[in-house]
Amino acid sequence: MDAVVANIAPQILFAPLLGCLLIAFVGPRLPRSVSAVIGCTSVFAAFALTVGLAAHVWHLPVAAQRIDLQFGTWALVGQAHIGFGIWIDPLALTWMLVITGVGFLIHLYSVGYMGHDANYRTFFAHMNLFVFSMLLLVMSDGFLWLLVGWGGVGLASYLLIGFYYDRQSAVLAARKALIMNVIGDVGIMIAIFLMFAHVGDQSFAVVFARTGAFGTSALDWIGIWLLVGAVAKSAQLPLHTWLPDAMEGPTPVSALIHAATMVTAGVYLVARCHPIYDRAPAAAEAVAIVGAASALFAATIGCVQYDIKRVLAYSTMSQIGYMFLAVGIGAYTAGAFHFLTHAFFKALLFMAAGIVIHNLGGEQDIRKMGGLSKRMPFAFWTFLAGTLAIAGVPPFSGFFSKDSILDQAAALGHPWLFAVGVAAAALTAFYMFRLFFSTFAGEYRGSVEPHVERVPAMEIPVAILAVLATIGGFLVLPGHDTFSALLAGAFPDAILPLSLADFDWPLVLGTLMIVAAAIVTAYAMYVISPQLRADVSRRLGGLRLLLLDAYHVDAIYHLMFEVPAYALAQACGVFFERAVIAGVPQALAAATSALGGLSRGWETGYLRRYGLTIAIGASLLLYFVIFGLHDVGAR
Amino acid sequence: MPLIPLDDYLVLSAAMFVIGLIGFLVRRNPLTMLMAVELMWNAGNLVLAAFARNFSDMSGQVFVFVVITVAAAEAAIALAIVVMVFRRRPDVDVDDISVLRG
Amino acid sequence: MTQIAAPQIDFGVIAPLVALVATGLLILLVDLVSRRATRRMLYSIGIAGCIVSFVRVVMQFGHPATTFGGAFATDRFSWAFDAIILVALAASLLLSLVRDAEDGASPAAYSSLLVFCAVGGMIMAAATNLIVIFLGIEQLSLALYILAGTGLGRPASQEAALKYVLLGSLASGFLIYGSALLYGASGSVALTDIAHAAASPSMLFITGFTLFIVGVGFKLALAPFHVWTPDVYEGSPIAITAFMAVAVKAATFSVLARFVYVVFGHDVPALAPLWAIAILSMIVGNVGAIAQTNLKRLLAYSSIAQAGYVVLALAGVTGSGLSTMVFYLAAYAFMNLGAFAVIALVGDGSESVADIDSYRGMFWRRPWVAACMTVFMFSLAGIPATAGFIGKVLLLGQAIAAGPWGIAMAVVLVLGTLVSFYVYFKVVWAMFSPLEDGASAPAGNALVPWIAVAAGVAGVILMGVLPQLFYSFFAT
């Protein structure tokens, strides 16, 4: 056991938990600013420790970078042993750095953004709870504690989506997110049951070492059930509908949970389980197909939405689709790399959008924006950096990560996935620049003059993220693949170890030209000629309406699940209500109550009755043993 | 003097035990009930003494002395409680004491 | 003339007992000598004695020993049970410190009796022959008869004492007669010798064992020998009820466990009466609790059912059974002491507000009290993440592996648990239902019970979340 890691790792995990508990129990007695300070400090402490840990681990030889710490036994049930363990490797470290680093920036931003909110302390307590749960998720050494973290982030997400609990839409959105996520939790639970059934353990070390003991079909099933969990958490098809609604939460929540970290847990899960997916080709293919389909699906919807945060939500779903595509085809480093850059530019976009929304007094409809480049130059420039990054314009970070994925899709022989990826990339460039131009170019279309307030606590994190979103891609330069080298320790036995640095220049240039064309189209439609835009809208007609309603998925689910469920409930209400639903339990309850009454009636309070009971009981017992057990009383 | 067989002691003690039990159940005066209980305890003592004699073993007799001692303490405590309960009541009848029920 | 040998006494073995006896005597002495000795001071002496004795018990862990010619043993049947008894004693003394506590006219007599009660319990836990078992049981019971009646102002307390002493003496009659028959069947009072007779039991032995079970079942409140329980629990002062519910059960279960393991050592048909009354207890306890409106009475029925549950640990008489029993008894101690401490807290030590109605809307007035009580109720019901859940899982595992009787008990445990959800959730429901206008709030605001409440919550949650820690500790 590595002493440095064993010392530092638990501190990283528990710093945010301590912060959460302090805010919850001590916070209400102290000034509100103290809660913010505790919240930010605890996450920053976790970040600083993570940096130290990462520096330590990355100095170890590659073969020694996977560290499994055991701290004791939680339960010993029959043969199954469940320990407390922490699993540190470069993959976990990548996620930990983002969770604590970006998490700290967003905490800092929240100090300004949530400054006027009455439930300031609650907000920071919940945010710290989230950071703790997410760290538990990525640091766990087995599926059980991973699931605990998985549920924890779901809970924190539920609490924070419904943070404005006096708004019914927020409460409904929170409920929707929770239900969708629980479907995923059950998927992971079933996967864990399967693991116990086959190898009797749930720790990564044992399960991954013994993938041979499963057989391909069982591995495929485990992969599929894990995918169900990943799909729900990462808002991929078909369990994606909660993510756009989740934008009801405060903007820092959208940036941290629903863009940078929690929604990428599915990617982490698949990458973590690469020994399973490497040997389960059908499940891996399902992951890639789900990812590609979600990328394209969400990108098309993003083109027509008017709510700035909903557009960003669909773009998140689309970008995570890329990551799924990458890990599904075995390009784990590419998926992790896109996670890293995406965390930078998507958090940046949300927070810059948050500044706009904040200054417009809560307005989120881009039809009422426009011309904000002069009024909010800071938001303009930072949002531009984020937009260029997500659109994949070199030398911004998104270019390197997204093209790595597309490149590998082509190189590994997945032409269809590559084509879908390129199409989604073009759409991404289009809708992001549509969003950008609608917000910042042209004339201001709102009715209320924006009240521009410059808050350093909000601008500093945004500026830092803007820099990171700009230069973050340089970890992978053509010919210099730093990122793969960093992650090498996490995938020593992956079947497809690929360098990200071998750029296929014809493909890259082709993609770039398509992206450029998309940007030009957006410029033409949203800056030069409103007439063109109206024409296109009219031509598209029905398709546009379909996209505006996100392919009617909510309505379809309503028809598929809610309507039959309600109909069934109605039918039960009419036909079985009396006989079964109410009748049987009522009869049982009546019978039990009657028994209870009988027992009550027996306890008359008369001492001699009690003596009689004891005497009768003893006599019956004696009768029972003397005549019932005469085979043993033979002597 | 002819030795009384062990079985006779056992039958006698069983009779004492049952008589004590019935006495406890049918009497309503707590003092009488206590006396009935003493009869049951002494039925046990009789068995112990008879077997101790039969086995020529001291431990059964020691047990008898322990029981007698405890019985004395128990009687003292029970009488005190009976006095406490019935001090302000006209009749000494356990059936009057039934507030707690259900 | 025969030489009478002076008994060889190993004082290390009886050190916890000596400490407690000394504590009891010291309390009496201080009260005699000093006129200014306050209640608080006397009870503090008691709690200090508890701690000393507890330390001595912990020092014995892992070092089995016997003394008094083998009649008195400290071993795996006594250590954990002693610890539970001492925790219950300390909690009971704490609860007696509350402002309005019903501790009779003489605090010194009250607290020393309580201490001597615990002495009886610890004698039971260490007893390896029938005489010492009887002595321990009576030492415990005689003191409890008096303590039950110390709520001097209330007729209910006097009634409880009367019922307890008369029925208790009746049950002791069965115990003595049973012990006498066992002696007759085996020729010895030592459990190890009785074990020889148990190998091929005579009718005398079976009858004696059954009568012995009647006596023990009375102390454990196993149906149908439970009839005294609701009345005595309701009538006794709250601190005494808490002690009865936890310490008496722990002590008597140690006797039962030692008897079953030492005398039988494996599952035999002769144990059938025990399984039968366990099943009946689970049914009677859970069903009887449904209609209750007084919390003390409700917890009395609950303790009847819980006693039935604990018997499941003996099913099959396997090696892990003892650890399971200790685990469940420890969980039971935490959740019951906690619940009784809440009642003491709310009523300021008197039992005047033990009605469920006075808990209505408690959450909106005193959220912490309601939250703690909810934890205890959830644990009693066996909701996951509480000690009660893990305990029930262990018991079920024990019972299911133990043949038809075990499976029957397991089924009844599950059904009984279902019924008990209604019982415990009724309390939770009352606490979280909206406040009614004009309802008077229970005013209790003593701080002392909070120590017991906090310890209970910590124990229940820790045992529920980190069961292995406790289980392996008890498995020593």
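Residues numbered from 1 in each chain as written. Chains lettered and ligands numbered in written order. Predicted model: local features only at pLDDT ≥ 70, side-chain atom pairs only at ≥ 80, totals over all residues.

### Let's talk about the confidence of the model for chain C
Line of reasoning, step 1. The pLDDT averaged across chain C works out to 89; a share of 96% of its residues lies at or above 70.
Line of reasoning, step 2. For chain C, per-element mean pLDDT is lowest for helix 19 (residues 467-474) of chain C, which scores 75, and highest for helix 5 (residues 130-148) of chain C, which scores 95. (pLDDT = per-residue confidence, 0-100. Helix = DSSP H or I, 4+ residues; strand = E, 2+ residues; numbered from the N terminus.)

### Quick look at the interface of chain C and chain A
Line of reasoning, step 1. Residue-level contacts link 34 residues of chain C with 29 residues of chain A.
Line of reasoning, step 2. Elements with a minimum of two residues in the side of chain C that touches chain A: helix 6 (155-186), helix 8 (203-220), helix 9 (228-235), helix 11 (272-290) and helix 19 of chain C.
Line of reasoning, step 3. Taken together, the residues of the side of chain C that touches chain A break down into 26 nonpolar, 6 polar and 2 charged. (Contact = placed C-beta atoms within 7 Å. Nonpolar A, V, L, I, M, F, W, Y, C, P; charged D, E, K, R; others polar.)

### So, helix 17 (residues 377-391) of chain A
Residues spaced three or four apart along an α-helix face the same direction, because each turn holds 3.6 residues.
Line of reasoning, step 1. Along its 15 residues, helix 17 of chain A runs 21 Å from first to last C-alpha, staying within 8% of the 21 Å computed at 1.5 Å per residue.
Line of reasoning, step 2. Following helix 17 of chain A by one or two positions, A:Gly392 has its phi on the positive side, about 85°. (Expected span 1.5 Å × (residues − 1).)

### Concerning the interface of chain C and chain B
Interface size, as often reported, equals the accessible area lost upon joining of the parts.
Line of reasoning, step 1. Contact residues are listed per partner, giving 33 residues for chain C and 33 residues for chain B.
Line of reasoning, step 2. Put simply, the parts of the chain that give the side of chain C that touches chain B at least two residues each are helix 5, helix 6 and helix 9 of chain C.
Line of reasoning, step 3. Looking at side-chain class alone, the side of chain C that touches chain B contains 21 nonpolar, 8 polar and 4 charged residues.

### Describing helix 4 (residues 120-139) of chain A
Line of reasoning, step 1. Taking 1.5 Å per residue as the helical rise, helix 4 of chain A with its 20 residues ought to reach 28 Å, and the 29 Å between its terminal C-alpha atoms agrees with that figure.
Line of reasoning, step 2. Burial runs high along helix 4 of chain A: 19 of the 20 residues are buried. (Buried ≥ 20, exposed ≤ 12 C-beta atoms within 10 Å, placed from the backbone.)

### What to know about the packing of helix 22 (residues 505-528) of chain A against helix 23 (residues 530-540) of chain A
Residues and elements named next belong to chain A.
Line of reasoning, step 1. With their axes 6 Å apart at the nearest point, helix 22 and helix 23 run at an angle of 110° to one another. Comparing their axes, helix 23 and helix 22 come out roughly perpendicular. Counted together, Ala524, Met525 and Tyr526 of helix 22 and Leu532, Arg533 and Val536 of helix 23 form the full contact between these two elements.
Line of reasoning, step 2. Looking at the contact of helix 22 with helix 23, its residues break down into 5 nonpolar, no polar and 1 charged. (Axes fitted to C-alpha atoms, helices over the stretch in contact; angles between N-to-C directions. Parallel < 35°, antiparallel > 145°, perpendicular 65-115°, else oblique.)

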